[in-house]
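Reading the structure
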Amino acid sequence: MARVGLSVQRLVAAAAELADEAGFDNLSVSALARRFGVKDASLYSHVRNLQDLRTRLALHAGGELIDRIAAAVAGRAGKEALTAFAGAYREYALEHPGRYAATQIRIDQALIADSPALRRTAEITYGMLRAYGLAEPDLTDAVRLLRSTFHGYCVLESAGGFGADRDVGASWDKAVGALHITLEHWPRERKSDD
């Protein structure tokens with residue numbers, strides 16, 4: 001018998017907790033059903049399948065992440081905004097490893113267009129970078145640089161991949177400072193006169 005009160009929101013919240021505890025790759029409909037004490041079939045009236053559950057979790061986690069970043073960068077610009085953005089990103093990734101992993105999955109472009117959280121992510125990220133005087137296509141290139149640097153660092157840090165005695169927080173600060181210098185001296189793409 002299905003437990004009363006199951007909803008998409010409750011399932012996604014529980015999936016977020018489960019992903020943080022067991023790892024995003026270990027998230028399954030069966031594991032989630034066990035958490036609620038119901039049969040797998042009871043969940044299928046709320047989510048279509050595992051991919052649907054993971055996508056919903058990715059959108060949920062993306063919203064949590066951008067809320068944290070937005071609060072951190074509010075009223076800041078330049079290096080101060082970049083440092084706040086980076087710090088909020090890293091904190092979320094380390095505090096919520098399963099949710100963070102969910103934010104890295106590929107999502108259908110139609111769902112991205114319909115997601116206020118993902119649109120807000122683009123607005124805040126691009127807004128921060130415009131303070132450096134960047135415009136397209138440099139904005140997209142800069143976003144890719146930041147995302148790959150932040151993601152790579154967080155994944156390596158959470159896996160214990162930094163073995164040197166140097167404090168990883170100090171190295172993070174240096175990396176963010178280097179990104180700031182790079183953004184200030186961004187190699188602008190030249191427009192052709194043809």
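To be clear, the structure that these remarks concern was listed above.
Below is a short write-up of the structure. (Residues numbered from 1 in each chain as written. Predicted model: local features only at pLDDT ≥ 70, side-chain atom pairs only at ≥ 80, totals over all residues. Heavy atoms only, no water.)

1. Considerations on the overall build of the protein chain
Looking only at helices and strands, the protein chain features 10 helices and zero strands. Helices (α) and strands (β) of the protein chain occur, in sequence order from the N terminus, as α-α-α-α-α-α-α-α-α-α. In terms of overall dimensions, the protein chain has C-alpha extents of about 65 × 50 × 30 Å along its principal axes. A total of 194 residues make up the protein chain; the buried ones form 41% of that total. Positive and negative side-chain charges of the protein chain, numbering 24 and 25 respectively, have mean locations separated by a distance of 4 Å. (Helix = DSSP H or I, 4+ residues; strand = E, 2+ residues; numbered from the N terminus. Buried < 20%, exposed > 50% of the residue type's maximum accessible area, 1.4 Å probe, protein only. Lys, Arg positive; Asp, Glu negative; His and termini not counted. Charge placed at Lys NZ, Arg CZ, Asp CG, Glu CD.)

2. Considerations on the packing of helix 5 (residues 78-95) against helix 10 (residues 168-184)
Contact geometry of helix 5 with helix 10 gives a least axis separation of 10 Å together with a crossing angle of 140 degrees. Taken as axis vectors, helix 5 and helix 10 run oblique relative to one another. Judged by the sense of rotation from one axis to the other, the crossing of helix 5 with helix 10 is right-handed. Taking contact as the criterion, the partners of Lys79, Leu82, Thr83, Ala86, Gly87 and Arg90 in helix 5 are, on helix 10, Val168, Gly169, Trp172, Val176, Gly177, Leu179, His180 and Leu183. (Axes fitted to C-alpha atoms, helices over the stretch in contact; angles between N-to-C directions. Parallel < 35°, antiparallel > 145°, perpendicular 65-115°, else oblique. Left-handed = near helix turned anticlockwise from the far one by under 90°. Contact = heavy atoms within 4.5 Å.)

3. Considerations on the pattern of salt bridges
Using the criterion set out here, one finds 10 salt bridges in the structure. A salt bridge links Arg99 to Asp20; the shortest N-O distance between them is 2.7 Å. Taken together, the residues span a long stretch of sequence, with Arg99 in helix 6 (residues 97-102) and Asp20 in helix 1 (residues 8-22) at a distance of 79 residues. Residue Arg99 is classed as buried on the basis of its relative accessible area of 12%. The exposure class assigned to Asp20 is buried, which follows from its relative accessible area of 19%. Put simply, Glu17, Glu21 and Arg35 are held in one network by salt bridges that share partners. (Salt bridge = Lys/Arg side-chain N within 4 Å of Asp/Glu carboxyl O.)

4. Here we look at unusual backbone geometry
At the junction of Glu136 and Pro137, the peptide bond is cis and its omega measures out at 5 degrees in the coordinates. In this fold, Pro137 is placed in the loop between helix 8 (116-130) and helix 9 (138-158).

5. Focus: the packing of aromatic side chains
To describe a pair of aromatic rings, one takes the distance between the centres and the angle between the planes. Enumeration according to the criterion identifies six aromatic pairs in this entry. Residues Tyr153 and Phe162 carry aromatic rings whose centres are separated by 4.7 Å and whose planes lie at 40 degrees to one another, so their mutual orientation is tilted. We classify Tyr153 as buried; its relative accessible area is 11%. Feature note: the residues Phe85, Tyr89, Tyr100, Phe150, Tyr153, Phe162 and Trp172 constitute an aromatic cluster, connected by ring pairs. (Phe/Tyr/Trp six-rings, centres within 6.5 Å; stacked < 30°, edge-to-face > 60°.)

6. Focus: the nonpolar core
Membership of the largest hydrophobic core comes to 34 residues, with the highest contact counts inside it found for Ile69, Leu82, Leu129, Leu134, Leu146, Phe150 and Leu183. Of all the elements in the fold, those that place two or more residues in this core are helix 4 (50-73), helix 5, helix 8, helix 9 and helix 10. Here this core gets nine residues from one element, more than from any other, and that element is helix 5. Non-local contacts of Ile69, meaning those with residues more than four positions away in its chain, are made with Phe85, Ala88, Tyr89 and Ile124. If you look at the next biggest cluster of nonpolar residues, it comprises 22 residues, including Ala16, Phe36, Leu53 and Ala102. (Core = buried A, V, L, I, M, F, W, Y, C linked by side-chain atoms within 4.5 Å.)

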